[in-house]
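# Overview (structure and organization)
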Amino acid sequence: MDTSAFQPMQGMTDLAAPEIALWQRLEAEARRTLALYGFTEVRTPVVEQTAVFTRSLGETTDVVQKEMYTFTDRGGRSLTLRPEGTAGVIRYALGLGVESDGARLYYIGPMFRCERPQAGRKRQFHQLGVEAFGAPNPAADAEIIAMQLHLLEAWGLKGFTLDLNTRGVPEDRPAVTQGLADAARPHLGALCADCQRRFETNILRLLDCKKESCRQIVAGLPPTTQFMSAESRQYLDEVLRLLQKIGVPARVNPQLVRGLDYYVHTVWEIRHGALGAQDALSGGGRYRVTMGDKTFDGVGFAIGLERAIMAVQKDNPTLTQEQPRLMVWLVSMGAAALTANLDLAQNLRRQGVACGLDLAARSMKAQMRAANKSGATTVLIRGDQELEQGTVTLKNMADGTQQAVPLAELTARLM
Ligand code: HAM
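Remember, predicted model here, so these are calculated numbers, not experimental data.

Rules and cut-offs
- Residues numbered from 1 in each chain as written.
- Predicted model: local features only at pLDDT ≥ 70, side-chain atom pairs only at ≥ 80, totals over all residues.
- Heavy atoms only, no water.
- Helix = DSSP H or I, 4+ residues; strand = E, 2+ residues; numbered from the N terminus.
- Rg over C-alpha atoms; globule rule 2.2 N^0.38 Å.
- Buried < 20%, exposed > 50% of the residue type's maximum accessible area, 1.4 Å probe, protein only.
- Contact = heavy atoms within 4.5 Å.
- Areas by Shrake-Rupley, 256 points an atom, 1.4 Å probe, with all protein chains shown as cover.
- Lys, Arg positive; Asp, Glu negative; His and termini not counted.
- Charge placed at Lys NZ, Arg CZ, Asp CG, Glu CD.
- Near = heavy atom within 4 Å.
- Polar contact = N/O pair within 3.5 Å; in protein donor to acceptor, adjacent residues only side chain to side chain.
- Nonpolar A, V, L, I, M, F, W, Y, C, P; charged D, E, K, R; others polar.
- Arc of directions from axis to C-beta.
- Salt bridge = Lys/Arg side-chain N within 4 Å of Asp/Glu carboxyl O.
- Core = buried A, V, L, I, M, F, W, Y, C linked by side-chain atoms within 4.5 Å.
- Phe/Tyr/Trp six-rings, centres within 6.5 Å; stacked < 30°, edge-to-face > 60°.

### As for the overall build of the protein chain
- The secondary structure content of the protein chain amounts to 15 helices and 16 strands.
- Rg of the C-alpha trace for the protein chain: 28 Å, well past the compact-globule value of 22 Å for 415 residues, more than 25% over.
- Out of the 415 residues in the protein chain, the part that is buried amounts to 48%.
- Counting contacts in the protein chain only where the partners sit at least 6 residues apart, residues at least 24 apart contribute 68% of the total.
- For the protein chain, the accessible area works out to roughly 20,600 Å², and carbon and sulfur atoms hold 52% of it.
- The centroid of the 47 positive side-chain charges in the protein chain is displaced by 3 Å from the centroid of its 45 negative side-chain charges.

Pasting the structure below:
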């Protein structure tokens, strides 16, 4: 039988126990940390009208040109599975009107990009992202970067580096484009085919080409800040000064451009040594996006959660271990005991004790085997005799000892 129709799509995976416990722990820690900075959660739809992304991310970006899952729905509308979270949050903020100024929002959820799957690169992946709206201000950029490092430390991460750069303001673009083009033109023939195309369409993207031959040429190009206005350079200097003041180690990487077009001023990326070729744990920056009749200024970042999990497994293995938990397995000998245990299990669960029991009235041996498999620390056994006496037999699974306990004392004994 051909079962391929019932496999998940390439680059998309099911997330389940036991790893899901680690996801939940990271998410809980993130919610706690982000609340300290006044962020609240927003859950936007996974599907948006395509224009939400094309207008904000930029028509010439790889994400828009090659990676979006775009389709026409039954009403003839062009829709897209969100490839990132910023555009949808801005679309939401548009509806907030003046309230959006100063809004601090975070999101956790799946994103979709039709890229070639490989280790650390999925077609459905998950981001934890934050967006803080408000006029450009180096202090806001520094605070969000510091918050991100606070979060990574709360997860127990150590082996990461922070690279920072500036994209300047839109008014800098003609001079930056011209300056880069003049410097790169003599090497045009030696650039890869992709970069020869980028030279015409989006010359900044030459700077982050991964091919070694291009990297050597790029290393010899002047930094883009050389072509920017004094205002843009001062903005970067101020962000760096503030970061140093608050003890955040950042280094300027003149080759860092980021793959999305909405960025202005500060951009940054965090890499982690455990991630291999896809080593970007997170990317962020300040942006300016016009949607409808409104221009949004904001600063934010998104962390790839699959990659965060890989990094935590390396840096903080104790977090990845299953938390021991109290668990009782109820063994029932006979139909009357099963009914009584069903009721008892409900009572215990209401008091916060995790319980399991065999509902199929199997043999004692089969029930004990199930108890073993469950990892329960205590087994509670009842048959006609215990029912008559108002007791239960408790078996300690660690040392095998057994004891009769009056029902009235059970909760106290378990706790
Ligand atoms: P991004 O750099 O495109 O930025 O994505 C952020 C992070 O998502 C990456 O650093 C990576 O960890 C993860 N990621 C991206 N693509 C994949 C993939 N195919 N598989 C696994 N993980 C992936 C943004 O999306 C911006 N919206 C970030 C931002 C928010 N800037 C300002 N606010």
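### Considering the site of the ligand
- E84, E115, K122, R258 and Y263 are the nearest of the 26 residues found near the ligand.
- At 2.7 Å, a side-chain N or O of Y263 approaches a nitrogen atom of the ligand.
- Summarising the interface, the protein chains cover 95% of the accessible area of the ligand, which totals 660 Å² for the free molecule.
- Counting residues per element, the ones that place at least two in the shell around the ligand are strand 6 (124–133), strand 10 (280–291) and strand 11 (294–304).
- Residue classes in the shell around the ligand are distributed as nine nonpolar, nine polar and eight charged.

### Quick notes on helix 7 (residues 193–201)
- Where helix 7 is concerned, the buried positions are C195, R198 and F199. The arc that holds the buried residues of helix 7, viewed along the axis, is 110 degrees, so those residues lie on one side. Set apart from the buried face of helix 7 by more than 90 degrees, the exposed residues are A193 and E200.
- On the buried face of helix 7, the contacting elements are helix 3 (62–67), helix 6 (173–184) and helix 8 (212–219).

### Focus on the pattern of salt bridges
- Within the structure shown, the criterion is met by 20 salt bridges.
- A salt bridge links R241 to E238; the shortest N-O distance between them is 2.9 Å. Within this pair, R241 and its partner E238 are both found in helix 9 (residues 230–245), separated by three residues, close to a single helical turn.
- Assessed through its relative accessible area of 41%, R241 is described here as partly exposed.
- Given a relative accessible area of 27%, E238 falls into the partly exposed group.
- The residue D358 makes a salt bridge to R362 at a minimum N-O spacing of 2.7 Å.
- Overlapping salt bridges, with partners in common, bring together R258, E269, R271 and D279 in one network.

### Things to note about the nonpolar core
- If you look at the biggest cluster of nonpolar residues, it comprises 41 residues, and the most contacted ones within it are L128, I144, L152, W155, W268 and I303.
- Top element by residues in this core is helix 5 (residues 138–154). It accounts for eight residues.
- A87, A93, F133 and M291 belong to the second largest nonpolar core, which has 27 residues in total.

### Quick word on the packing of aromatic side chains
- Under the criterion given, the structure shown has four aromatic pairs.
- With a centroid separation of 4.8 Å and 75 degrees between ring planes, the pair formed by Y262 and Y263 is classed as edge-to-face.
- For Y262, a relative accessible area of 3% gives the class buried.
- Classification of Y263 as buried rests on a relative accessible area of 4%.

### Comments concerning the side chain of R286
- Relative to the assigned elements, R286 resides in strand 10.
- A distance of 2.9 Å separates a polar atom in the side chain of R286 from a polar atom in the side chain of D141.
- Within the structure, the side chain of R286 is placed 3.4 Å from the backbone oxygen of G298, a separation counted as a polar contact.

### Examining the environment of E269
- Relative to the helices and strands, E269 is located in strand 9 (residues 263–272).
- For the pair E269 and A30, spaced 239 residues apart in sequence, the C-alpha separation works out to 19 Å.
- In this structure E269 touches T161, L162, D163, L256, R258, A280, S282 and G283, once residues within four positions along its chain are discounted.
- At 2.5 Å, the side chain of E269 and the side chain of R271 are in polar contact.

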